[in-house]
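Reading the structure
Below, each chain spelled out in residue letters.
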Amino acid sequence: MWNTLTISDLAARLGRREVSAREALQACLDRIDQVDGRLHAFLSLDRADALAQADEADARRARGESADQPLLGIPIALKDILAVRGQPLGCASKILHGFISPYDATVVEKLKAAGAVVFGRVNMDEFAMGSSTENSAFGRTGNPWDLDRIPGGSSGGSAAAVAADECLAALGSDTGGSIRQPAALCGCVGLKPTYGLVSRYGLVAFASSLDQIGPFTRSVRDAALVLHAISGHDPRDSTSLPEPAIDCAAAIHGDLRGIKLGLPREYRIEGIDPEVKSAVDAAVRQLESLGAEILEVSLPHTQYAVATYYIIATAEASANLARYDGVRYGLRIDGDDPIEMYARTRGAGFGPEVKRRIILGTYVLSSGYYDAYYLRAQKVRTLIRQDFLRAFEQVDALVTPTTPTAAFRAGEKVDNPLQMYLCDIFTIPCNLAGICGLSLPCGFTREPRLPIGLQILGPPMGERTLFKVAHAYEQATSWHRQKPPIQ
Amino acid sequence: MEYEVVIGLETHVQLRTRSKMWCGCANEFGAPPNANVCPVCLGLPGVLPVANEEALRLTVLTGFLLHCAVPELAKFDRKNYFYPDMPKNYQITQYDRPSTANGWVEFETGGGRARVRIARAHLEEDVGKNFHYDRYSGVDFNRAGVPLLEIVTEPDLRSAEMVYDYLNALKDILRQGGISDCDMEKGMVRCDVNVSIRPAGASELGRKVEIKNMNSFSGVRKALEYEYARQVEVLCGGGQLAQETRRWDDAAEITESMRTKEQAHDYRYFPEPDLMPFAPTDAWLGEVQARVIELPLARKERLMRQYGLPAADAETLAGDAALGAFFEGIAPRAKQPRILANWVINNLRARLAETSTSIQAVKFPPAAMLELLELVDTGRISGRIAQEVFAEMFATGDAPEHIVARKGLVQVSDAAALEPLCDAAIAAHPRTVADYRAGKTAALNFLKGQVMKLSHGKANPNLVGEMLQRKLQ
Amino acid sequence: MAAADLDIQYVAHLARLDLTPDEEARFSAQLGRILDYIAQLRELSVDGIEPTAHAVPLVNVTRPDEVRPSMPTRAALRNAPAQANDLFLVPKIVE
C-alpha cells in the first residue's frame, strides 16, 4: 500500500503517475483510521486541508512543475510543536488550549514550497519535556511494536506515526534526544541536524541553545531528502548558520573504505541492556566489514552531560515558558490581579513534568545559585564540546547505542523523573555540543520483539558522513524493512 | 546638620529607528492600539528576535557622543520578570557586556560647567503600554519591542537644578546627534532617579531611594526638591530612611511609597540564547564614527571663540543645527561676524518663525546676507533701510543691491541734500528746539526722527545727528 | 549546596506557578534527588574554562532597519482570552 513505501519509492511512483498524491494521502488516512484509535499518535487532523494540499500537488505535477521536487505530494506529519498558519498549536499542553497559530514555521513554509502534504498534529511530551510521551496532556501514544510500551519521547507521536505507516515521514524536535531516542524505540530513522542548520523560527522553544527540528523517516535516503528541503539559512533565526540547504544525496553511496569510526569508551556503561549491547556490537562488526576502520576514542566528560543538560535546558525553558500567562492567548484562569491570574493559569495549565523543570530552571538561575549551577554548567558544556571536537580530529564519526534499553512499559518510570532522565544518557551530549546525530534500526530484542537503535554522531556540518555511514549499514541489513505487527 | 544630596539618573530613550528592535513592525508613536504588532513582538509561541542593525549603530554612536568606550564584545541577556506589558515575561537587555560604557557628559549648570560620568549606555527593548479602568487593565503592545537606550550615570549629580540642566544637555546631544527625537510627551524619554542624602562632606552614601513616574524634566526637578526635603525631615526627626521605590505624584506634588509585594526583584539574568554576540569591526565602527556630530556645548564655545559671538547668540546658533549651519556657511567671509549673527538670529530666524518657513525654503542665497551687511558697512544704506531691504529679500529672493537700486533706497549722505531737511525739521518744531537748547539732549532724537521721516528713511542718521547738533548750537 | 536549599514555595512564586500542597511535597522530594545528582558537577575543575552560551560560533547577526507589514489588529487579538477596544484585557493592575 502507498503509505508503507519510502519517500523515494513513492516519489518515483508519483512521477510515473502510478498513483496520485490524493490516493497516497488517502492510504495514510485509511491507515490512521485503522490503527490510530489504539496507537493514539495523532492529536488532530484536518482532513479537508490535507486533501486540498494533495490535490494541489497533483495539479502542480500535471502542470509540469515537478522537476527536482522529490517531496511533491508526500504526506508528512508534524509534531504538535511546530506552527502552521490557521492550525491549532498546542505542544500537547492544556495551557495552549484554543490557540490558533497566525503564522507558519519556516520549515513548514519550506515543506509547502516543496509541495509536501503537511498534515496532522502528532503527540509529544508536553513542551517537549520527556522521554516517553507520557507527559502529554492528552494521553500517551503507544509503541507500534507493543502498544503497552512507550514509543519514546518527546517526539513519540512522530516516531510512532512513521513506524506504523500512518505517514511517509514526520518532523519532530530534538533537545536532548527527542528525535533519536523515539526513532530507536520505534525502529525508524531519526536525525538531529547540526545546531543552526535548520531554522527554529516557528518551533516552540524548550531550550533555545539545544533545540533542533529534524525528520523521522523509514530510510536514510528519505531523511536526507527531507533535510535538504528544510535546512538552510533563515534570516528570521539569529542562530541560523549562514549555509544554504544541505544536499547530501551525493554522499549516499558506496562502502565505508577510508572512513574512521570511533567508539567512545565512556558509552560502555553498566546499565546497557545485554541485547542492546550485542546488537550494537554486531552493527560495529558490520560497519567494519563494509570497510570502516574502528578505533576506540575517549569523551572524558560524558558522565557529566545529563547533569549539565538539566541545568541549562531547564534554565532556558523556565524563561521560554514564562510567556504562557493567559494574557495574549491560550488558557486563562482569572484572578483578582494579574499575579493571581498567572499563578492559577500556569498552575492549572502545565503538567507536573513541566512544572518540575520550570522550578528547577528558575532555581538554578536564582540569586546566589547562578554561579554554582548555570555558569558552571556552561563551562562543563565547553568541556563536553571540546571532547567531541578532539575526537573528530581522529575519526570521521562516532558510533554508540542510541538508548541503554529498548522500549519500557508505560507507567514504569513516570514517578521517577531522574530515572527517566537517564534514558537520554547517550543522546544528550550531542545537543550540548551542537553536533549532528542520527539513529537507525540495528536489531531487535528477542522477547518481546522491540527495535534497537544505532546512533551515529558527526561533527558540525558532518551530515554527509552520517548519511554515508548510515546508508551503507542500512543497505547491508534488512532491519529497515521490518514492520510492526500493529493491524 | 547640613545634608547634601547625591543623585544618579537612569534615562530611557527611544531610538530613532524606522522599525522595532527585533522585528519589522513600525516604530511609530500614536498608532491605533495593537496596530503595529506581529508574532515576534507579541511573544507568540515559536518566535525569535533578530537585532536591528541601526539600533546597534545608534547605541555605539551615543557611546561616541558621550565619550564612552566601545568594548570588543557586547551581548544581550534575559531579564526575567512577569508583568502584563511584557510579551515574553522577560526583557531582552544588556546586563554584563553592554555596547558602551564609561564616558561623561559636560554641561553648563549653576553659572559654570559640570561633568557627570556615564556608567553605561546599553540597548534593550521597550514594553507595552497599560491602560487602567475600573476592574480591568488593557494592554497595547505597539510600544513593545521598540529599541530603548538606557543611559545610566554615576551618582555625580548634586542638586535638582543640576539634574534639570543635565537632562536638557543630554536631550540636546541626543536630538542633534540623531539618536532620538527625545519628545517626552510622546514617551520617548523616561527618567528614573536614585537619590540619597548624607551629611555634608561625608564620603559614604546614604540609603538610596528610587523615584519613578516623572513625566517631564521639570517634574524630575520638583520630585527631587520634594524628596530631598522629605529625606532631610525624616533624618532630622530621628527616623530612618527605607531603601525603597517611590512614585512621584505630579498632581499632589509628592512622592509616595509604591506598594510592592517583593521589594527586591530576582531578575535571574542569563545570556540570551537566541541572539549572537556583537564584535564590532573597525570598518563598522568607522562608519558610526563618521556620524558623530560636534557636541552642542563644544560648538557653542567654538562659535564664541572663532567668531567672537556673545554667549547667548552662540548658544542659539549651537542649539539650532540648521540655523547654525546657515550662519557658519557665510561667517568666515563676514567682516563682522557678530553683526551677522545678530541678523541671522533676530531677523532671519524671526521671519522664518513668523511665516512658518523652513530654512531650506529661504528664497535668497546665504551670501546675500553678506551683501546686505556690506551695503550697510559701506554706508550705502542705513541700518533701518537694511531692515526694509531684508524684508524684501526674504519675500522675493531678490538680491539686496537690486532692491536698493529698484526702490531708490540709497542712503543720502550728501550734505547738500540733508541741509534743507534739517532746516525743515528745525523750523517745524520750535518747542523741541527750545527743549534741546534748554539741555534736554534727548530732544535731538525726535528731530533726527523727523529728518529720517522727511527723507523716507534714507538719510544717513549719523550725519543728520551731527548736522542738527551743529545747526542748533 | 544541599538540595534542602530549594525553597519550593519561593521558587514557585518567582515562576508564578500555583502548586497544590501535594505537588509541593512531591516535587520537593523529586527535585531534591535531581539536585543531588546534579551536584556531581562540583567535582570538576572548571578554572580557566570559558562558558559556552552558543553552540555556533556566529557574531554580528543583524537585520536592516526596514519596516515590514504588521499583523492586522483583529488577527493579533484573535487568540486573546479577553479583549476590549482593541486592547488585551487583564485583571486590574495595581501599581
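Everything below is about the structure printed above this text.
The following refers to the structure shown. (Residues numbered from 1 in each chain as written. Chains lettered and ligands numbered in written order. Predicted model: local features only at pLDDT ≥ 70, side-chain atom pairs only at ≥ 80, totals over all residues. Heavy atoms only, no water.)

**Here's the deal with the pattern of salt bridges**
One pass over the full model with this rule turns up 67 salt bridges over all chains. Its salt-bridge partner being Arg13(A), residue Asp9(A) comes within 3.5 Å of it at the nearest N-O pair. One end of the pair is Asp9(A) and the other is Arg13(A), both in helix α1 (residues 7-15) and four residues apart, which spans about a single turn. Where Lys355(A) meets Glu23(C), a salt bridge forms, and the shortest distance between an N and an O atom there is 2.8 Å. Here Lys355(A), found in helix α11 (residues 352-365), pairs with Glu23(C), found in helix α2 (residues 21-38), and the two come from separate chains. Across this residue pair, the class does not change: Lys355(A) and Glu23(C) are buried. Salt bridges here are not isolated pairs; linked through shared partners, they connect Glu388(B), Glu392(B), Asp398(B), Arg406(B) and Lys407(B). (Salt bridge = Lys/Arg side-chain N within 4 Å of Asp/Glu carboxyl O. Helix = DSSP H or I, 4+ residues; strand = E, 2+ residues; numbered from the N terminus. Buried < 20%, exposed > 50% of the residue type's maximum accessible area, 1.4 Å probe, protein only.)

**So, the interface of chain C and chain B**
Residue-level contacts link 34 residues of chain C with 53 residues of chain B. A buried area of about 3800 Å², summed over both sides, lies between chain C and chain B, and 58% of it is on carbon and sulfur atoms. Counting the contacts that link chain C with chain B gives 25 residue pairs in polar contact (both at pLDDT 80 or more). At five residues, the largest contribution of residues to the side of chain C that touches chain B is made by strand β3 (residues 87-91) of chain C. Taken together, the residues that form the side of chain C that touches chain B break down as 19 nonpolar, seven polar and eight charged. Bridge count between strand β8 (residues 136-140) of chain B and β3(C): four bridges; the pairing is antiparallel. (Contact = heavy atoms within 4.5 Å. Buried area = accessible area lost by both parts, 1.4 Å probe. Polar contact = N/O pair within 3.5 Å; in protein donor to acceptor, adjacent residues only side chain to side chain. Nonpolar A, V, L, I, M, F, W, Y, C, P; charged D, E, K, R; others polar. Pairing = 2+ DSSP bridges.)

**Some details on the nonpolar core**
Ranked by size, the top nonpolar core spans 264 residues in total, and within it Phe119(A), Phe127(A), Phe388(A), Phe467(A), Ile151(B) and Tyr166(B) carry the most contacts. Tallying contributions element by element places helix α9 (residues 305-320) of chain A first for this core, with eleven residues. With 38 residues, the next largest nonpolar core counts Ala314(B), Leu317(B), Val362(B) and Val389(B) among its residues. (Core = buried A, V, L, I, M, F, W, Y, C linked by side-chain atoms within 4.5 Å.)

**Brief notes about the sheet that holds strand β10 (residues 436-444) of chain A**
All names here are of chain A. Strand order in this open sheet of eleven strands is β1-β3-β2-β4-β6-β5-β10-β11-β9-β7-β8, and the pairing throughout is mixed. With one partner strand each, in any of the chains shown, β1 (42-44) and β8 (293-297) form the two edges of the open sheet. Taken pair by pair, the neighbouring strands of this sheet meet at an average axis angle of 35°, ignoring direction. Across eight bridges, the pairing between β10 and strand β11 (residues 451-458) is antiparallel. (Axes fitted to C-alpha atoms, helices over the stretch in contact; angles between N-to-C directions.)

**A look at the pairing of strand β11 (residues 209-214) of chain B**
Residue and element names in this part refer to chain B. As paired strands, strand β10 (residues 189-199) and β11 are joined by four bridges and run antiparallel to one another. Bridge pairing in β11 links Val195 to Val209. Here three bridges tie β11 to strand β12 (residues 245-249), and the two strands are oriented parallel to one another. Among the inter-strand pairings, Ile211 is bridged to a residue of β12, identified as Arg246.

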